[in-house]
Amino acid sequence: MPKRPAFYHFLGCIIPHRYPSIEKATRLVFEDLDMDLLDMEGATCCPAPGVFGSFERITWATIAARNLTIAEETGHPITTGCNGCFASLWDANYELKHDEDLREAVNAGLKEIDREFKGTIEVTHYVDALYNTAGLEKMRKRVVRPMKGVRMALHPGCHFMRPKLLKKKEDSERPHILKDISLTTGGEYVPYKDELMCCGAGGAVRTADIKIALDFTKQKFESIQAAGGADMIVTPCPFCELQLDLGQVEIEKHFGVKFEFDVLHISELLALAFGHDPDEFGLDTHLQYMQRKTEPHWEQLGIKR
Amino acid sequence: MTSAEEKPPIVLDEPDREFVEMIKRTGGPNIQSCYQCGTCSGSCPAGARTNFLVRGIIRKALLGMKQECISAPELWYCTTCYTCTDRCPQDVKPTDVIKAIRNIAVQEGYMLQNHQKVAQKVLETGHAVPLDKESWQKLREKVGLEPIPPNASRFPEAIADVVKIAKKTHFDKLVEDKDEDEE
Ligand code: SF4
Ligand code: SF4
């Protein structure tokens, strides 16, 4: 029997500390697809690329490199379900492999904690593991609860695919990977004008001025409505998910406009399609529902309760 | 936006010739390839709703107007979405230029208090968004996970490592609370 693919599971901050349903759903989905997730003991914040990268590049790269060295110990690739963590770890890995000066500065810092960046592993996103390692065919076969008639608006976010010349994954003006994966569930794709626009949270903007960040998000929601609405929004990033999910509560407060979209991480969508009960991973623990004391629109999501 | 108010010409008393070199060293090596086409600003979701003008900041930087660049509050409205970087015909990588200018701004003491707090959280807990309340542990248990994940929330030695790194790069000094009268 061929060996099961194994990944070091980089959790980051938002998934394990605010949206644990994504962590649980991911564990279910990877198991269903015969892929192993290994704990990365003592991993820290990636650290947030737009925040730490904006403050001090060497510190950002050194803390990221420390996380990379945990995986370098045994050589399995890393996988992460967050566009921000992916940006930090992938970019740092790339820059450290190509920039001698940076590598020297970073290794001087790592020396203090008896570590060294060697550049021996690859960094992937869950989406890469799903698309390249498991493959669309395997996912399609695993679907036992087809999302028939469920209209899915997608929010790919930014750092999975940009900058396109460096990441070399897909054309960031016409991305297809998240769409291809989402369509394996049998749902319907809803195109809308601002699909490729940023959610507004990144680059330390959410921390600097939340109202400006929410203004991006509101534009996305209005764009989805202008396209005839959707039954769910699907994203591959927990920070985007937080901004789109909890952001609805905050938009109501700051702008007096109420939206009620259900927002799912791609792992959560797949867990549902693979037949898992939403309680098995706690879909109803999204902060929007906790704060509003509401529940997902089960029927719209194609779930019988 | 036009205004009736008269705009004085830009007089460069003391252009900072070093500024462009600093930006090139700090992560924006291609800044001098900019020919001011405006593709970046035209693509920019931050510029569409605020006074943040990425092309303008690059132009000011090229003119050596360091103070205007690093003290502008709108410098922090870029979400680093990289749309401009993917579209710039000159490979300037405007996002990286903005991040480099932010690095210089922080070095010179321009850091928002909220950002400083996030940085401090990473040094205290290992995470920008920490597991700082029991309710977050409960949330994890509710979805069927162990209350504390196997990251720095469980391994305090990881936090000690981050602190050592920050000491080495002097990042700890950069983000520590400054005396009140300096504000
Ligand atoms: S798109 Fe590139 S060349 Fe054009 S103004 Fe922006 S940075 Fe300069
Ligand atoms: S990366 Fe920043 S400057 Fe460039 S388009 Fe996005 S928000 Fe605008």
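Residues numbered from 1 in each chain as written. Chains lettered and ligands numbered in written order. Predicted model: local features only at pLDDT ≥ 70, side-chain atom pairs only at ≥ 80, totals over all residues. Heavy atoms only, no water.

**Observations concerning the overall build of chain A**
- Looking only at helices and strands, one finds 16 helices and 8 strands in chain A.
- Taken over 305 residues, chain A has a buried fraction of 65%.
- By sequence separation, contacts in chain A at least 24 residues apart represent 78% of the contacts at least 6 residues apart.
- By element, 49% of the accessible surface of chain A is carried by carbon and sulfur atoms, the whole surface being about 10900 Å².
- Separation of charge centres in chain A, based on 37 positive and 46 negative side chains, amounts to 3 Å. (Helix = DSSP H or I, 4+ residues; strand = E, 2+ residues; numbered from the N terminus. Buried < 20%, exposed > 50% of the residue type's maximum accessible area, 1.4 Å probe, protein only. Contact = heavy atoms within 4.5 Å. Areas by Shrake-Rupley, 256 points an atom, 1.4 Å probe, with all protein chains shown as cover. Lys, Arg positive; Asp, Glu negative; His and termini not counted. Charge placed at Lys NZ, Arg CZ, Asp CG, Glu CD.)

**Overview of the site of ligand 1**
- In the vicinity of ligand 1 lie 14 residues, with C34, C37, G38, C40 and C88 of chain B positioned nearest.
- Elements with a minimum of two residues in the shell around ligand 1: α2 (39-43) and α3 (54-62) of chain B. (Near = heavy atom within 4 Å.)

**Describing unusual backbone geometry**
Residues and elements named next belong to chain A.
- In this structure, P47 follows C46 across a cis peptide bond, with omega equal to -5°.
- Looking at the secondary structure, you find P47 in the loop between β2 (36-39) and α3 (49-55).
- With an omega of -5°, the peptide bond running from R162 to P163 counts as cis.
- In this structure, P163 sits in the loop between β5 (151-154) and α9 (164-167).
- Positive phi is not limited to glycine here, since A204 has a value of about 70°.
- Structurally, the position occupied by A204 is in the loop between β6 (188-190) and α11 (205-208).
- For A204, a relative accessible area of 3% corresponds to the buried category.

**Regarding the sheet that holds strand β3 (residues 78-80) of chain A**
All names here are of chain A.
- Pairing within the open sheet is parallel, and its 4 strands lie in the order β2-β1-β3-β4. Two strands bound the open sheet, and with one partner strand each, they are β2 and β4 (123-125). Ignoring which end each strand starts from, the neighbouring axes of this sheet average 40° apart.
- Here 3 bridges tie β3 to β4, and the two strands are oriented parallel to one another. Within β4, the position partnered with T80 by the bridge is H125.
- The strands touched by helix α7 (residues 126-134) are β1 (6-10), β3 and β4; relative to β4, the strand with the most contacts, the crossing angle is about 85°. (Pairing = 2+ DSSP bridges. Axes fitted to C-alpha atoms, helices over the stretch in contact; angles between N-to-C directions.)

**Topic: the environment of V92 of chain B**
- Checked against the element boundaries, V92 of chain B lands in the loop between α5 (83-87) and α6 (94-107).
- Taking C-alpha positions, V92 of chain B is 15 Å from K60 of chain B, a pair spaced 32 residues apart along the chain.

**Considering the packing of aromatic side chains**
- Inspection of every chain in the model, using the stated rule, returns 11 aromatic pairs over all chains.
- Ring geometry for F30 of chain A and Y126 of chain A: centres 5.6 Å apart, planes at 65°, overall edge-to-face. Linking F30 of chain A in helix α2 (residues 20-32) with Y126 of chain A in helix α7, this pair joins segments that are 96 residues apart in sequence.
- By relative accessible area, F30 of chain A is classed as buried at 1%.
- What links up through ring pairs into an aromatic cluster is the set F52 and F55 of chain A together with W76 and F171 of chain B.
- Residue placement shows K211 of chain A over the ring face of F255 of chain A; its charged tip is 5.3 Å from the ring centre.
- Seen from the ring of W298 of chain A, R305 of chain A lies directly overhead, with NZ or CZ sitting 4.0 Å from the centre. (Phe/Tyr/Trp six-rings, centres within 6.5 Å; stacked < 30°, edge-to-face > 60°. Lys NZ or Arg CZ within 6 Å of the ring centre and 35° of its normal.)

**With respect to the domain arrangement of chain A**
Residue and element names in this part refer to chain A.
- For chain A, the assigned domains are domain 1 (6-126) and domain 2 (144-300).
- Taken residue by residue, the interface counts 26 residues in domain 1 and 32 residues in domain 2.
- Note on domain 1 versus domain 2: buried area summed over both sides is about 2400 Å², and carbon and sulfur give 71% of it.
- In terms of surface lost to domain 2, no three residues of domain 1 exceed Y19, S21 and N83, which account for 26% of the buried area on that side.
- Counting every contact that joins domain 1 to domain 2 gives 1 salt bridge.
- Our enumeration of links across domain 1 and domain 2 arrives at 9 residue pairs in polar contact (both at pLDDT 80 or more).
- Within the residue set of the side of domain 1 that touches domain 2, elements represented by two or more residues are α1 (14-17), α2, α3 and α5 (83-98).
- Ranked by residue count, the leading element in the side of domain 1 that touches domain 2 is α2, at 8 residues. (Domains from an automatic or database assignment. Buried area = accessible area lost by both parts, 1.4 Å probe. Salt bridge = Lys/Arg side-chain N within 4 Å of Asp/Glu carboxyl O. Polar contact = N/O pair within 3.5 Å; in protein donor to acceptor, adjacent residues only side chain to side chain.)

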